[in-house]
Amino acid sequence: MRDETVKPTTAQPQAQKRDSFPATQRGWLVAQLAQGSEGLARINTYVMQTYSEPLGNYVAGSSFRSLGTSKDLVSGFFASRLAQPAYFEKWIDSGLPLRRWLINGFLFFLQEEARRRKSERIDTLSADTSVEPVADATSAVEEFDRVWAAAMVRSAASSARERCVTEGFEPHWEMFERHFVGGVSYADIAETFSVSGGQAASMVRTASIRFRQAVVDLLLKDGATEDELDEEIARLMRALRPT
Amino acid sequence: MSDLTLTDPTMRLLAALTDETDPVLVQVVDHARRGDGLLPSRMALETGPLSVVGDALELFCLGYADREDYRTALAACQKLAKEGTAAERELAATSIAVLEASSIVYRGMYVVSRNSREADARLACASTALRGSWARLVASAMRAGNARKTA
């Protein structure tokens, strides 16, 4: 396992100008690790559910896409890494956010795959031409941060919506979406839903609190601490800002 | 790899994580949601910073205030917002929103908001704390803002 040797992503001062997320090593995953194999199984499930889409989106838009389908590559990466018993202990030791740890590992995995396939194709006597970097790791990490952040926000919105529905706040969520995503004013929402402006603001607030909580839950699982949440949210917005 | 169709709504969702109006007004909304009885009372509104220029109800709710009245009342609200206790800051933020509503209804102009979206959020949030004639004033301002936008 040499994932940690992908140099440009390991807290170089140069990279930290646009280093989208700080290094932390606490949170939900750490607590799960302490629970042994059951906790590890929960982590694996969570990691696959949460990070498959951003990893897949990343590879689909990168020069590695010629290696295979994004689904196969992500599955291969998870199969090779998550089976290692100490994979997440190493993550803790790294001090990196989980997503950074995973993209480092994924880049390394992809490079391994590229080398392996190349060596399968060419004569082993000319193996000295078979190893080359296939991606700039710093820009890859930035790109992955962007797709991760977008996937995370969508995931948070989805779970907040489900929670609102479960709690009987479906209209609140609908108002929230109309206001924040559709840009509809409270005045218009009040008219559409036959409520007062104050009720509209209050109902939207009910949904926005659940959305914020869903985002916070995901950030905590990624290794952020409570103290870092506001800054993490600001980083999310920077990561997603169109360039 | 840019996916603007996903990124744009995502950015808009992220905007929901920040306060779209005065954060003190957001606290007022939360008091209203919880029903904890900590909302600024009508008496506090009518005897607070809006009353430095006279009868707040007559001036700002019924529309007899002149430009100088708005200016003086706003200064009193801002002073309270800066120096007051937590409850007084909430009263100040609500009073500023009431001034905004009054100014929209009677003068067709904003006092503090920079655009219609900000005014809409300010008025809607403040109205969670208001009842009776003050609530009607804010509702009128919201309708007026809406009418201007669609005209």
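Quick caveat: nothing in here was measured; it's all calculated off a predicted structure. (Residues numbered from 1 in each chain as written. Chains lettered and ligands numbered in written order. Predicted model: local features only at pLDDT ≥ 70, side-chain atom pairs only at ≥ 80, totals over all residues. Heavy atoms only, no water.)

A look at unusual backbone geometry
Next, step 1: In this structure, Ser 194 of chain A takes a positive phi of about 55° despite not being glycine.
Next, step 2: Position of Ser 194 of chain A relative to the elements: it lies in the loop between helix H8 (186-193) and helix H9 (197-221). (Helix = DSSP H or I, 4+ residues; strand = E, 2+ residues; numbered from the N terminus.)

Here we look at the confidence of the model for chain B
Residue and element names in this part refer to chain B.
Next, step 1: Considering every residue of chain B, the mean pLDDT works out to 90; 91% of them sit at 70 or more.
Next, step 2: Note that pLDDT drops below 50 for residues 1-6; the model gives that stretch 12 contacts with residues more than four away or on any other chain.
Next, step 3: Interface confidence for the predicted complex, expressed as ipTM, amounts to 0.90; the pTM equals 0.78. (pLDDT = per-residue confidence, 0-100. Contact = heavy atoms within 4.5 Å.)

Things to note about the packing of H8 of chain A against H9 of chain A
Residues and elements named next belong to chain A.
Next, step 1: Relative orientation of the contacting elements H8 and H9 amounts to 100°, with a least axis distance of 8 Å. Taken together, the axis directions place H8 and H9 in an arrangement best described as roughly perpendicular. Taken together, the residues of H9 that come into contact with H8 (itself represented by Tyr 186, Ile 189 and Ala 190) are Gly 197, Ala 200, Ala 201 and Val 204.
Next, step 2: In terms of residue class, the contact of H8 with H9 is built from six nonpolar, one polar and no charged. (Axes fitted to C-alpha atoms, helices over the stretch in contact; angles between N-to-C directions. Parallel < 35°, antiparallel > 145°, perpendicular 65-115°, else oblique. Nonpolar A, V, L, I, M, F, W, Y, C, P; charged D, E, K, R; others polar.)

A few points about the nonpolar core
Next, step 1: With 111 residues, the main nonpolar core has Tyr 51, Tyr 58, Phe 106 and Phe 211 of chain A together with Leu 50, Phe 60 and Trp 134 of chain B as its most contacted residues.
Next, step 2: The leading source of residues in this core is helix H6 (residues 137-166) of chain A, at 13 residues. (Core = buried A, V, L, I, M, F, W, Y, C linked by side-chain atoms within 4.5 Å. Buried < 20%, exposed > 50% of the residue type's maximum accessible area, 1.4 Å probe, protein only.)

Comments concerning the pattern of salt bridges
Opposite charge on two side chains permits them to pair, given that their charged atoms come into close proximity.
All names here are of chain A.
Next, step 1: Following the criterion strictly, the structure yields 22 salt bridges over all chains and no others.
Next, step 2: The salt bridge partner of Glu 112 is Arg 81, with a shortest N-O separation of 3.5 Å. Taken together, the residues span a long stretch of sequence, with Glu 112 in helix H5 (residues 98-121) and Arg 81 in helix H3 (residues 70-82) at a distance of 31 residues.
Next, step 3: A salt bridge links Arg 210 to Glu 167; its shortest N-O distance comes to 2.5 Å. Within this pair, whereas Arg 210 is found in helix H9, its partner Glu 167 is found in the loop between H6 and helix H7 (170-181), the two being separated by 43 residues in sequence.
Next, step 4: Judged by relative accessible area, Glu 167 falls into the partly exposed class, the value being 35%. (Salt bridge = Lys/Arg side-chain N within 4 Å of Asp/Glu carboxyl O.)

Focus on the interface of chain A and chain B
Next, step 1: Counting residues at the interface gives 39 residues for chain A and 30 residues for chain B.
Next, step 2: Buried surface at the junction of chain A and chain B, summed over both partners, amounts to about 3000 Å²; 65% is from carbon and sulfur atoms.
Next, step 3: On the surface where chain A and chain B come into contact, there are one salt bridge.
Next, step 4: Residue Asp 30 of chain B pairs with Arg 205 of chain A through a salt bridge whose shortest N-O separation is 2.7 Å.
Next, step 5: The interface formed by chain A and chain B includes 10 residue pairs in polar contact (both at pLDDT 80 or more).
Next, step 6: Listed by contribution, the elements that provide at least two residues to the side of chain A that touches chain B are helix H2 (36-60), H6, H7, H8, H9 and helix H10 (229-240) of chain A.
Next, step 7: Here the element with the most residues in the side of chain A that touches chain B is H9 of chain A; it accounts for 12 residues.
Next, step 8: Of the residues in the side of chain A that touches chain B, the class split is 19 nonpolar, 11 polar and nine charged. (Buried area = accessible area lost by both parts, 1.4 Å probe. Polar contact = N/O pair within 3.5 Å; in protein donor to acceptor, adjacent residues only side chain to side chain.)

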